[in-house]
Amino acid sequence: MLGSIFAGIADGFLLFLIASGLTLIFGVMRILNFSHGGYFMLGAYFAYQVVTSAGFSPLPLGFFIVAVLIGSVGVGAVGIATERLLFRRIYELSDIASLLGTFGLLLLIEGIAEVIWGINPMSVPFPTLVDKSVKVVGVRVATYSIVLIGVGILVGIGLWYLLRRTAFGERARAVAEDRYMCELVGMNTAAVSTAVFAIGTMLAGLGGALATPLVALTPDVATAFIIEAFAVVIVGGLGSISGSLIAALVFGVVDSLAITYVPSLSGVSFFILMFVVLLVRPQGLVKNARAFA
Amino acid sequence: MLARLRSRRDSASLAGLLGPIALIVVAVLVVPSLASGATMFLYELVLIQILMATSTNFLFGRSHMPSLGQAAFFGTGAYTVALVYDVVPIPAALLLAIAVSAVVAFVIAAVSVRTDGLVFANVTLALGQGMYLLAVKTNWVGSENGIPGISAGSLGANGVWYLVGGCVIAALVVCWVIYHSPFGLTLYAIREDPIRLEFLGVNVAIYRMVSFTIAGAGAGLAGGLFAYASGIVTPNTMYWTQSGYPILMILVGGMGFFWGPAIGAIGVTLLLNELSGNPGWNLIILGLVLIGVLLFAPRGLLGLWVDARAWLRRGSARRPLPAHSP
Amino acid sequence: MRTHRTAFAIAAALSMVVAACSSTSTDQQSSASSEPSSQQSASSEQSSASGSESAASSSEGSSETASGEPTFTGEPLKIGFLDTMTGPNGNVGTLNLQGAQIAVDQWNAKGGVLGRKIELVVKDEELSPEKTVQHMRDFNSEGINLITGFTSSADVLAAKPLAEQNNMVIVTAGTTDTSLTTTEHSANVYEIAANIKMMNVAAAHLAETDWKDVKVWDGVNYDYLTGHNSWDEFNKMIKSGTSGSTTGKVAFVPFTATQMTPFINSLLAGNPDPKTSGLYYFLFGGGAVQFAKQAMPLDMFKDYAVVAAVGGGEEFSAALGAEGPHVYFVHDYFYQGYDNPVNKQFIEDWSKLDQIPGLSLYGPHEWAYEGYTAMLAYLNAITDAGSTDSDAVKASLSKIEFDSPMGKVKFHPSNILEAPVTVWECQGDSAEKFGYKCFNTQSIPPSITLADAPTSF
C-alpha cells in the first residue's frame, strides 16, 4: 500500500506541474488554456530530440538535466510567441470563444508535432543514477519517482516565493485581482501577461520533458494528461496554486489506491472524485481562489 | 402564432424557413441519381451533422450553455437503435432513440445546470467522457467493438437515404419552430442577461434544462439515423471529439443564425473528409480554420455573408444586429 | 485588421516552415519512405524483388518472354488492401503492406496471376469500424471483391456483414481474435495470423515442458474484452495442466493509462519468486513499452523466471534497447526459425527494403510475414480457381495447400491458417547493432495449437 501511495504522490506532482501552469495562466488572463497539453507534449518532444540527437547511450544524468532545461525553456519561447501572436487577440473574446480558440491551437500544435515527428511511439531511456529503485520504509520505490517528487516540491516552493516575495509576483497578483485597475494605474499588464504565460508554459514543458522516460511518446500525449489537469484545476479552485497542489496529490493517490484495490475503477476514480467535490463545494477546494492563494 | 412570427424580423419569416428547406428537399431528391456507396454515405453524414449542429446550437446560439458533452446523446441515440433494430420497426426505433436521449439529457441537465460557463463546459466534458468509458466497459453493448450489422430491414441504400433525408428535414422544421417561438426567444434573452431575466420572474434553470433536453433529443435522433446509415455503432460515437465537431460547425457557419450551423456542417464534414488521408495536416488545417474563424469571422460564414450584402448595399445603414458571435 | 492579417500570415508561414523542415532523422537507419499513400497502385513504390530467378516462388503457369521481362494480358487484377496505416498502430499495417508487396512483386516478375498484373488498392482502416464499413462499400462499388489486410478485430467484425451481403472475400493478415473461428465464423472470412487461443495453447504447452519450473503465473493484460477473455482462457489451461502450476496476481491496464506504477506494484505485492514465478505479458504497442519502461527501474522483470510476451515481437525489444529485459515471444513467425527456400527468398527480398523509422529489425517482422502469406494464399487460390469470382476463390482457399515461409500450409475448416506458433527469445544487448538480440526459436505445430478448434459450423 505504501508503494501505491508513493507512486500516487509522484504522479500527483507531475500533474501539479501541468496544473500549476494552467491555473497560473487562468488567474492572470482568465483563459482556460486548452492548448496547455500541447506545450506539455512539445516539452517532451524537445527533450526527446535533444537526447536522441546527442546519441548518448547510456544517458548521463547531467545531460538529461540539460535536455530537460532546454525543453522547458524552448517551450517557454514558443509560449511567448503564441501569446504575442494569438492569445492577445483571444482575450477580447468571450470565455467560450477563448476556450475554443485555445482548442484550435491545441490541434495546430498536435498536427505540427505529428508532421515533424510522426506517430510512432518514441522512447527515451532513464538517465543514469536515477534508473533504479530504492527501498523506502521497506517498499521498493523507483528513484525517478523520488526525482519527480523533489522537482515538484522545488517548483511549488519556487512559485510560492515568486508570487509572494517578489515585485513581479506582486504585479502578477494585482493583475489577477483587477486587471482594469492595474491598467489605469499605468502598469504594463501586457508584459505581465506575457511573462506569466511564459512561466506557465515552461512549467508544462518541464512536466513533459520529465515525463519522457515514463511514457511512449506520441502526439496523443498532448491530450492524455490534459483532462486530468483540467479536473485538478477546477477541483483545486480556478486560480489557486495551493489548491491545484492539494487536488493533484489527492487525485494521484486516490487513483493509485483505486487501481490497487478496486481495479475496475481505474481511470474512472478521478471523475467520481471530481463530481463529489463539485457537488459539495463547487468553487473548488481552496477558498478565495482568485488571488493565487 | 404564424402571424406573430411573420411580424418579426426577416430572419423569422417563413421564407427564412421554406427557402433553405426547399433547397434541402431538392438535394435529397437529386442525390440518389448522382452518388452511391461511400459518397452517398458521406452526404448522409452531412445531413446528420446538419441536424446535430442545429440542435447543439440551442445550447450555444440560444442559451449560454457551452456543452462539450453532446456526443453522449448522439451515442445514446445510436446505441438505442443498435439494440432494437431487429425487434421494432424503424419509426419506433427512432422515436425510442429520441426518447431515451431526452431522458438522459434531462438527468444530466438536472445535475449540471447549476454551474455555468467554463465549469459547465468541463462538467459536460467529463460526463460525456464518463459515458464513453461506460460504453467501452459494458459487455452487452459490445464494449469496445460496438454493435455491427445494423440493418434497416427492407430499405435498400436509397431507402436509407430517403429515411435520413426525410427525418432531418422534419426535425429541422421542428427546430426552426422552437427556435423562433416565444420559448426560443426567451432562451435568447437568458443568454444575453440571465440575471435580469431572473428578476423578471423567469425560471432560468427550468428553461435551461428544457433547452438542454431539446438539444439532447436532437442529437439522439441524429445518432439513431447514424446507426442506420453506417450499419455499425461503436463507443467512438460518444468520444469527446465528437462533441467538438458540431461546435466547430456552429462557429464556422455562424452561431447567431438558425441556418449557420447547417452551413458549417456542410463545410466542415466535407473538409474533414478531404483531409482524412493526411495525418498531421488534417489537425493543422482544422486548428487554423478554428482560430481563423474565431479571430476574423466570429459571426461565422453566414455572418460574413450578411456583412458582405450590407456592404454591397452601401447606402442602407447596417442593421444593428445583437451579438451574434460567441 | 491589418495587424490581424499580419499575425495570421506570420503564424501560417511559421507553421509551414516548421512542417517543411521535417523528418529529422531520429535513429541510426536511413530515413525510409514512410507509410505508402493510400489509393496508389503499390507496384511502383519500393525497391524490391528482382530476385525472380530463384526457384523459391510457388507461382505456377505464368509466362515470360525470352528476354526475362514478363508480359501481361488484360486488365490488372486488383486486390483490396485495408489496414491500419496511420496512428499509433500504423507500423502493423505498414509492415503488413511491405510483406504483401513483396509477394506481389515476386509474382509480377513471373507474369502476374492468370497472366494479369497484380495491383494492390490500399486504404486506411484508421482503426475505425465506421471507416472500415465505408471503405468496404467503396471496394464493392469499385468492383473489388478480394480484400486483405486488417489489423483490428473490431474492424474485421464490422466488415464481415458487408462481405457477406456483397459476397466479398476477406483474408485477414493481422487479426488475432479467436471469435472468428467460433462464434463469429463466416464462410467469407479467412485468417492468416495465429489467433489468441492458438498462442495461449502454445504458451500453456511450454508451461508444461520448458517452463515447468514456474509454479505461479502472474498476468498483465489490457483492460478490454479480449484481454479478459484471454486471461480466463490461459488461466483454465494452466490450472488443468499436469505440472501443478497455478495463476497468481493479474493486472488489467486501461488503454489510456499513463501511470503504470500502481499496476506494477500490485503485481509485486504478490512477491514473485525469480525461480518459480512467471509473467504472462499480453500487452502490445505503446502500452507494452510504457509498462516495461516503468517496470524496469523497479526491477520487476528480474523477479520472474519467465516472461511470456504473447502476441509481442521484436518491436518491443527494439524500443527498449540495451536495457530491455529477457522475454519469450509467443507469436506466429520468427525469421530465424525456418530453413526453406520460400523463407530464404522472403528474407532476401525483405532485406532490400528500407527500415521503418524508429523500428530497427534484423529480419522480416511477423507482421510482414502475415501480409506476405495472405497474398500467397490469394494468389495461389486464384490460380487454382482460374478466376477471381468470389465463390470459386473461396472454394479454392478452403482446399489448396501452398508453400509459405513456415512450410506447406492450408486452411483449417474454421478458416484459420494451419501454421505453427513460433516461440523465440530476445533481450537487450549493448553489443548488438540495434541494442538487442534474438535467439532460440521453437515451433509449436498446429496439431497442438489447433487440437480442439471447431471443425464444423
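Structural notes, computed from the coordinates. (Residues numbered from 1 in each chain as written. Chains lettered and ligands numbered in written order. Predicted model: local features only at pLDDT ≥ 70, side-chain atom pairs only at ≥ 80, totals over all residues. Heavy atoms only, no water.)

Let's shift gears to the packing of helix α11 (residues 240-253) of chain B against helix α13 (residues 281-296) of chain B. Residues and elements named next belong to chain B. Two elements in contact, α11 and α13, have axes whose closest approach is 9 Å; the angle formed by their N-to-C orientations is 45°. Classified by the interaxial angle, the pair formed by α11 and α13 is oblique. Seen along the crossing, α11 lies across α13 with a hand that is left-handed. When α11 is examined against α13, the residues Tyr-245, Leu-248, Leu-251 and Val-252 are found in contact with a partner set consisting of Leu-286, Val-289, Leu-290, Val-293 and Leu-294. In terms of residue class, the contact of α11 with α13 is made up of nine nonpolar, no polar and no charged. (Axes fitted to C-alpha atoms, helices over the stretch in contact; angles between N-to-C directions. Helix = DSSP H or I, 4+ residues; strand = E, 2+ residues; numbered from the N terminus. Parallel < 35°, antiparallel > 145°, perpendicular 65-115°, else oblique. Left-handed = near helix turned anticlockwise from the far one by under 90°. Contact = heavy atoms within 4.5 Å. Nonpolar A, V, L, I, M, F, W, Y, C, P; charged D, E, K, R; others polar.)

With that out of the way, let us pick up the pattern of salt bridges. Pairing between side chains becomes possible if they bear opposite charge and their charged atoms approach one another. Under the counting rule described, the total for this entry stands at 15 salt bridges over all chains. Arg-299 of chain B is the partner of Asp-307 of chain B in a salt bridge, and the nearest nitrogen-oxygen pair spans 3.1 Å. Of the charged contacts in the structure, one is a salt bridge between Lys-160 of chain C and Glu-184 of chain C, with a shortest N-O distance of 3.2 Å. One end of the pair, Lys-160 of chain C, is in helix α4 (residues 153-165); the other, Glu-184 of chain C, is in the loop between β4 (169-172) and β5 (189-191), and 24 residues separate them in sequence. With a relative accessible area of 10%, Lys-160 of chain C lands in the buried category. Exposure remark for Glu-184 of chain C: the relative accessible area of 28% places this residue in the partly exposed category. In the salt-bridge network here, residues are joined through shared partners; they are Glu-348, Asp-349 and Lys-352 of chain C. (Salt bridge = Lys/Arg side-chain N within 4 Å of Asp/Glu carboxyl O. Buried < 20%, exposed > 50% of the residue type's maximum accessible area, 1.4 Å probe, protein only.)

What the rule picks out here adds up to 41 aromatic pairs over all chains. Ring centres 5.4 Å apart and planes at 75° place the aromatic pair Phe-126 of chain A and Tyr-144 of chain A in the edge-to-face group. Pair noted here: Phe-126 of chain A is in the loop between α4 (95-117) and β1 (133-136) and Tyr-144 of chain A is in helix α5 (residues 143-165), with a separation of 18 residues, a long-range link. Across the pair, Tyr-144 of chain A and Phe-126 of chain A agree in class, each one buried. Connected via pairs of aromatic rings, a cluster forms that spans Trp-211, Trp-217, Tyr-222, Trp-231, Phe-234, Tyr-280, Phe-282, Phe-284 and Tyr-328 of chain C. The ring of Tyr-188 of chain B has Arg-62 of chain B sitting right over it, with the charged end atom 4.6 Å from the ring centre. (Phe/Tyr/Trp six-rings, centres within 6.5 Å; stacked < 30°, edge-to-face > 60°. Lys NZ or Arg CZ within 6 Å of the ring centre and 35° of its normal.)

Here we come to the sheet that holds strand β13 (residues 421-428) of chain C. Strands pair in a sheet through their backbones, by hydrogen bonds, and they do so in one of two ways: parallel or antiparallel. Residues and elements named next belong to chain C. Spatial strand order, β7-β6-β8-β9-β10-β13-β14: seven strands in an open sheet with mixed pairing. Because the sheet does not close on itself, it has two edges, and the strands there are β7 (246-253) and β14 (436-444). The sheet shows a mean angle of 20° between the axes of neighbouring strands, direction not considered. Relative to β13, strand β10 (residues 327-331) runs antiparallel, the two sharing five bridges. (Pairing = 2+ DSSP bridges.)

So, about helix α10 (residues 226-236) of chain A. Residues and elements named next belong to chain A. With respect to burial, α10 is a largely interior element, 10 of its 11 residues being buried. Turning to α10, its buried residues are Ile-226, Ile-227, Ala-229, Phe-230, Ala-231, Val-232, Val-233, Ile-234, Val-235 and Gly-236. Downstream of α10 by a residue or two, Gly-237 has a phi angle that is positive, lying close to 105°.

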